[in-house]
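Summary of the model geometry
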Amino acid sequence: MFWLVLVQKYLVLLLLLFFVFCLIRVHVVRRIPDRSQTTSLVVVNSEIPGIRRGKRWILGRETILGRSERCSVVISDPYVSGRHARVFYQGGRYYITDLGSTNGTILNGQRLTDTKPLKPGAHLQVGRVTLTLEVAAEKKKGCCSLLPFFPGLILAAGAPELYREHLLRPQDLVLWLVLVIILTISTLVAEKKLRSDPLLVYLTGVLIALGIIFIYRTNPYYGMRQSCWAIAGIVLFWLVQLILTEYRHLHNFKYLFMLTSIFFLVMTIFFGTEAGGARSWLALGSFRFQPSEFAKILMVIFLAGYLDENKEILKQGTKKVGRFYVPDWPYLGPLLAACGLAMLLLVFQRDLGMALLFYIVFLLMVYVATGRLSFLMLGLFLFIASAFVMYHSFPHVQERIDIFLNPWTKADSGGYQIIQSLFALASGGIFGLGLGSGFPELIPAVHTDFIFSLIGEELGLLGTLSVIGIYFVLVWRGLSLSLNTPDVFGSLLAFGFSSLLAMQALIIIGGVTKIIPLTGIPLPFLSYGGSSFISNCFLVGMLARIASEREASQERSASPSRMAPGEH
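Residues numbered from 1 in each chain as written. Predicted model: local features only at pLDDT ≥ 70, side-chain atom pairs only at ≥ 80, totals over all residues. Heavy atoms only, no water.

The chain carries the name Cell division protein FtsW in an unreviewed UniProt entry, which gives Thermacetogenium phaeum as its organism. Quoted verbatim from the Subcellular location (unreviewed entry) field of UniProt, the annotation for the chain is "Membrane". (UniProt positions renumbered as here; feature names shortened; annotations may be inferred.)

With that settled, consider the overall build of the chain. Looking only at helices and strands, the chain has 15 helices and 16 strands in total. Relative to its full complement of 568 residues, the chain shows a buried share of 52%. Put simply, 67% of the contacts in the chain that link residues at least 6 apart link residues at least 24 apart. (Helix = DSSP H or I, 4+ residues; strand = E, 2+ residues; numbered from the N terminus. Buried < 20%, exposed > 50% of the residue type's maximum accessible area, 1.4 Å probe, protein only. Contact = heavy atoms within 4.5 Å.)

Next up on the list: a nonpolar patch on the surface. Residues Tyr-367, Val-368, Leu-373, Met-377 and Leu-380 make up a contiguous nonpolar surface patch of roughly 440 Å² in combined accessible area. Of all the secondary structure elements, the ones that give two or more residues to the nonpolar patch are α9 (352-370) and α10 (373-393). At three residues, the largest contribution of residues to the nonpolar patch is made by α10. With respect to the secondary-structure elements, Val-368 resides in helix α9. Residue classification places Val-368 among the partly exposed positions, given a relative accessible area of 41%. (Patch = residues over 30% accessible without salt bridge, like charges linked within 9 Å, V, L, I, M, F, W, Y side chains within 5 Å. Areas by Shrake-Rupley, 256 points an atom, 1.4 Å probe, with all protein chains shown as cover. Salt bridge = Lys/Arg side-chain N within 4 Å of Asp/Glu carboxyl O.)

Our next topic: the pairing of strand β3 (residues 62-66). Most of β3 is tucked away: four of the five residues are buried. Here β3 runs beside strand β5 (residues 85-90); their pairing, made up of four bridges, is antiparallel. If you follow Leu-65 over to β5, its bridge partner there is Ala-85. Sheet topology note: the β3/strand β4 (residues 73-74) ladder contains two bridges and is parallel. (Pairing = 2+ DSSP bridges.)

Pairing is mixed in the open sheet, where five strands are placed in the order β4-β3-β5-β6-β9. Unpaired on one side and paired on the other, β4 and β9 (116-117) mark the two borders of the sheet.

Next up on the list: helix α4 (residues 199-218). It helps to recall that an α-helix has 3.6 residues per turn; residues three or four apart then point in one direction. Over its 20 residues, α4 extends 29 Å from the first C-alpha to the last, a length consistent with the 28 Å expected when each residue adds 1.5 Å. In terms of burial, α4 is a largely internal element, 19 of the 20 residues being buried. (Expected span 1.5 Å × (residues − 1).)

As a further point, take the nonpolar core. Trp-176, Leu-210, Leu-493 and Phe-497 are the most contacted members of the largest nonpolar core, which has 136 residues in total. Residue contacts for Trp-176: discarding those within four places in its chain leaves Leu-155, Ala-156, Gly-158, Ala-159, Leu-162, Leu-168, Ile-212, Ile-213 and Tyr-216. In terms of nonpolar packing, the next biggest core, distinct from the first, is built from 23 residues, Val-43, Leu-112, Ala-122 and Val-126 among them. (Core = buried A, V, L, I, M, F, W, Y, C linked by side-chain atoms within 4.5 Å.)

What follows deals with the sheet that holds strand β10 (residues 123-126). A sheet is described by the order of its strands in space; here six strands give the open sequence β2-β1-β11-β10-β7-β8, paired in antiparallel fashion. What marks the edges here is a single partner per strand, and that holds for β2 (56-58) and β8 (110-111). Where strand β1 (residues 39-46) lies against strand β11 (residues 129-135), seven bridges are found, and the strand directions are antiparallel. From the neighbouring strand, Val-42 faces β11, where its bridge partner is Thr-132.

Before going further, it helps to spend a moment on the pattern of salt bridges. Per the counting criterion, the structure on display carries 16 salt bridges. A salt bridge links Glu-134 to Arg-56; the shortest N-O distance between them is 2.9 Å. One end of the pair, Glu-134, is in strand β11; the other, Arg-56, is in strand β2, and 78 residues separate them in sequence. Residue classification places Glu-134 among the partly exposed positions, given a relative accessible area of 34%. Salt bridges sharing common partners tie together Glu-246, Arg-248, Asp-487, Arg-545 and Glu-549.

The next subject is the packing of helix α13 (residues 451-484) against helix α14 (residues 488-512). Viewed as axis vectors pointing N to C, α13 and α14 meet at an angle of 160 degrees, and their least axial separation amounts to 9 Å. Considering the angle they form, α13 stands roughly antiparallel to α14. Classified by chirality, the crossing of α14 by α13 is left-handed. Touching Phe-452, Ser-453, Ile-468, Tyr-471, Leu-474, Val-475, Gly-478, Leu-479, Leu-481 and Ser-482 of α13 are Ser-491, Ala-494, Phe-495, Ser-498, Leu-501, Ala-502, Ala-505, Ile-509 and Val-512, all from α14. The residue inventory of the contact of α13 with α14, partitioned by class, reads 14 nonpolar, five polar and no charged. (Axes fitted to C-alpha atoms, helices over the stretch in contact; angles between N-to-C directions. Parallel < 35°, antiparallel > 145°, perpendicular 65-115°, else oblique. Left-handed = near helix turned anticlockwise from the far one by under 90°. Nonpolar A, V, L, I, M, F, W, Y, C, P; charged D, E, K, R; others polar.)

Spelled out as structure tokens, the structure:
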């Protein structure tokens, strides 16, 4: 019985570590070049004496087939042009295009008229030689083929211990089972159907599963509500994939998104309710939501569209001031007015954490779009100056700074929360106390701001490092997407959304570990809160949509009109 209880308490940690191990194996180790695994063009049929069946040519990034001795693959056949066809590697796959040859290039019995993907096993006829693309057999995936199942497995693994602790009630088991099935189906569909890398869905699914488990751990009522929000968020993710046929259409409505964001924030000031010291909630009957969580998404879309439209003027400047060129007010003014007003409204709400998030993302997007270091340095100077002003203007800001510097002087009041957080993290050690063995009741608001502390207490250092690693990979995938998206609007969107995820995680994890002063920002997908959860699901859905369209555009790229003409 003892061993069964022990396994139940640490099964979630074991699965989480196994998931991280599989991530490293699949997406790190397998990216290291292996010379024993090559892609080749292999002759399957030949009517030329000098080229026998089974002859192979190893492919590089670009391979030219033709009769000329300067080609990578030389086919001495009068029916083959000097530069006959081109095989190139792009976006994780090989493509074939004809270079204006006299007799054409035949792929699977059809003459090439434009660029086509060259898949393993396809038959390529050049003159009187037929070739096929052959990829050396990869090592079996083994346990790593379970990656799509980890979100559902982790969520299911938490149920026995929570049920034994009477935290998961019998009436909640059906909802729990539905969520396990939805998570599993979602990741499997992502693997099979999405053009984009399904890793985004795997990572988000694991965070959702951990969040549900630990919110149930603190309060079954909150856990049940979060489970409903999780189902709604997953549905929203797939609606983005189905309904938003082209994310570039959002560019046309950038000012509408900006005005909607400002409208939400203004309504919160006049009609909002206060919670946690900030007036950041709107109530519609018994339903409450946090408008700033949606405003941050809308403002990123506005920023991406505006910077895409005016990046050259903002970068070069139109008016000389001293030694510097700065943009005229008609171009710089709307940008500063919109973002400045949004941050000012958040300050009036006393939602300083969200104001900080807005400011950092705004500054980063402007710097990435323009490349002007002067904008970044000016932004940092203004941040320091405004922080100084707010410290001397708002008593609650002074209190938070004082608590950050020395929480022990207020251990029985304002410093109690951060002290208990540090105790929880320290008591977890390397392996944690085990699921259900911590003391979440000692940390106020543990299900929102301090969920990371509870994870550290019950899953230990290994669990917290795994969570940080998942956030790191999620942000890394988003930034990689930004670098590889051809259009500026999509690139800025991906960068802005990735920055939102990164800064939210950094700010709250830094706060609960006393690296920076604590601010009230939810930890994405882990903290309790419907507004935050829904907005972050939309955010990840947009990243997947951008990745999917980038993949489709790569397949349509490199048309024959852009290719060098063949030699005949």
